[in-house]
Amino acid sequence: MELRLAQGTPCWVSLLTHDLPGARAFYGELLGWTYSPGPGQLGAYVRAELDGAPVAGLGVSTATGFPVQWTTYFAVDDADRTTQLVRECGGTVAVGPLQAERAGRMAIASDVSGAVFGLWQGEEHPGREAGTEPGSPAWAELLTPDADGAATFYGSVLDRPVRPAVGGSALLVHGHPVAGIRHHADLRGHPPRWRTHFAVRDAALTARHAVELGGRVLVGPHDTARGRAARLADPQGGHFSVLEASV
């Protein structure tokens, strides 16, 4: 029996890095992850786990010049149909759809402004919804110079409403915000991107620990509508955020 999260739900995050052992050590120490093997046809790829439950994927980037980055995946009922919608709405499909063994069916695409995202049709592995447990994915947010175009694109591709929210707009699933879209004109040379946030108990303490492990603080701890956050980079340059949820 296939298991699947509701269409449009951010259900998985995956890192492509040039140094998989280094990434495993960094995130394992920072976020408390352990690891297990992932689908074999994805190459050198592992699943990060919290208390035995998968929370994220880490793999090796084999493309020359491809930046180290986290990718947000959205749950879909039909990966083949959704990739066709990506093309019809002006996006680009870079990988797939392809079968990840019995775990599910996946594709990698980019939106009208070039932000990369994934699609996941869960089978044996449904993915994981955002949560507040330390170390788990907590929030997904798109930074883009074309927030209106992004809202139209994701609303159409994922067949979910996008409504105004604090700081921009939000993708809704069953009436609840599951991801944010924020206008950002100055991306400092970076392409538009989905930013992954991980839940932590203390954003300031986690930022200091990241530096001790060889990472960098891009933006220090600050208050946001969703709690206190910090923007960080891992030792290979992969950007991510940590979020101390509001009580």
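What you are looking at is a predicted structure, and each value in this text was computed from that prediction instead of being measured.

Peer 1: What am I meant to see in the overall build of the protein chain here?
Peer 2: For the protein chain, the count of helices and strands is 4 helices and 16 strands. Against the globule reference of 18 Å for 247 residues, the protein chain gives a C-alpha radius of gyration of 17 Å, in line with a compact fold. Along the first, second and third principal axes, the C-alpha set of the protein chain runs to 45 × 40 × 35 Å. Counting over 247 residues, the protein chain shows a buried share of 52%. Put simply, 60% of the contacts in the protein chain that link residues at least 6 apart link residues at least 24 apart.

Peer 1: So what exactly am I meant to see when it comes to the environment of A79 here?
Peer 2: Structurally, A79 can be placed in helix α2 (residues 79-88). Overall, the relative accessible area of 0% leaves A79 in the buried class. With 41 residues separating them along the chain, A79 and W120 place their C-alpha atoms 6.7 Å apart. If we ignore the near neighbours within four places in the chain, the residues touching A79 are P97, R105 and Q121.

Peer 1: Can you help me understand the pairing of strand β9 (residues 137-144) in this one?
Peer 2: The two faces of the sheet receive side chains in turn, since in a regular strand these alternate between them. Extensive coverage of β9 is indicated by the burial of 8 of its 8 residues. Examined bridge by bridge, β9 and strand β13 (residues 193-199) share 6 bridges and lie antiparallel to one another. Bridge pairing links A140 to T196 in β13. The sheet contact formed by β9 and strand β12 (residues 176-183) spans 4 bridges and is parallel. Bridge assignment links L143 to a residue of β12, and that residue is R182.

Peer 1: How do you make sense of the sheet that holds strand β1 (residues 10-17) when you look at a structure like this?
Peer 2: Taken in spatial order, the 8 strands line up as β2-β3-β4-β1-β5-β8-β7-β6 in an open sheet, and their pairing is mixed. One side of each edge strand has no neighbouring strand; the edge strands of this open sheet are β2 (34-37) and β6 (92-100). Averaged over all pairs of adjacent strands, the angle between their axes in this sheet comes to 30°, without regard to strand direction. Summarising the sheet, strand β3 (residues 45-50) and strand β4 (residues 53-60) pair through 6 bridges and their orientation is antiparallel. By the bridge assignment for β4, L50 is matched with A53. Its contacts with the sheet place helix α1 (residues 20-31) against β1, β2, β3, β4 and β5 (69-75), and it is angled at close to 150° to β4. On the sheet, α2 packs against β6, β7 (104-110) and β8 (116-122) and is oriented at approximately 175° with respect to β6.

Peer 1: Any chance you could explain α1 here in plain terms?
Peer 2: Two residues of an α-helix separated by three or four positions point the same way, owing to the 3.6 residues in each turn. Its 12 residues place the ends of α1 16 Å apart at the C-alpha level, agreeing with the 16 Å of an ideal helix rising 1.5 Å per residue. Along α1, the residues that are buried comprise L20, A23, F26, Y27, G28, L30 and L31. G32 lies just past α1 and shows a positive phi near 80°.

Peer 1: Help me understand the side chain of R47 in this model?
Peer 2: Residue position: R47 is located in strand β3. No salt bridge is formed by the buried R47, whose closest oppositely charged neighbour, E49, lies at an N-O distance of 6.6 Å. Dropping the residues within four chain positions of it, R47 is found in contact with W12, T34, Y35, S36, P37, G38, P39, P54, A56, A103 and H125.

Peer 1: How should I be thinking about the pattern of salt bridges in this particular structure?
Peer 2: Where charged atoms from two side chains of opposite charge come close, those side chains can pair. Scanning the model with the defined rule gives 7 salt bridges in all. The residue R105 makes a salt bridge to D80 at a minimum N-O spacing of 2.8 Å. Of this pair, R105 sits in strand β7 while D80 sits in helix α2; the two residues are 25 residues apart in sequence, bridging distant segments of the chain. Several salt bridges converge on common partners, so that one network encompasses E141, R182 and R195.

Peer 1: Would you mind going over the packing of aromatic side chains with me for this structure?
Peer 2: Any two aromatic rings considered together are summarised by their centre-to-centre distance and by the angle between their planes. The tally for this structure, following the rule as stated, stands at 16 aromatic pairs. When the centroid spacing of 6.1 Å and the interplanar angle of 75° are considered together, the rings of W33 and W70 count as edge-to-face. Separated by 37 residues along the polypeptide, W33 in the loop between α1 and β2 and W70 in strand β5 bring together distant segments of the chain. What makes W33 buried here is its relative accessible area of 5%. Taken together, the ring pairs connect F26, Y27, W33, W70, F198 and F240 into an aromatic cluster. The ring of W139 carries R226 above its face, with NZ or CZ at 3.7 Å from the centroid.

Calculation criteria
- Residues numbered from 1 in each chain as written.
- Predicted model: local features only at pLDDT ≥ 70, side-chain atom pairs only at ≥ 80, totals over all residues.
- Heavy atoms only, no water.
- Helix = DSSP H or I, 4+ residues; strand = E, 2+ residues; numbered from the N terminus.
- Rg over C-alpha atoms; globule rule 2.2 N^0.38 Å.
- Buried < 20%, exposed > 50% of the residue type's maximum accessible area, 1.4 Å probe, protein only.
- Contact = heavy atoms within 4.5 Å.
- Pairing = 2+ DSSP bridges.
- Axes fitted to C-alpha atoms, helices over the stretch in contact; angles between N-to-C directions.
- Expected span 1.5 Å × (residues − 1).
- Lys, Arg positive; Asp, Glu negative; His and termini not counted.
- Salt bridge = Lys/Arg side-chain N within 4 Å of Asp/Glu carboxyl O.
- Phe/Tyr/Trp six-rings, centres within 6.5 Å; stacked < 30°, edge-to-face > 60°.
- Lys NZ or Arg CZ within 6 Å of the ring centre and 35° of its normal.

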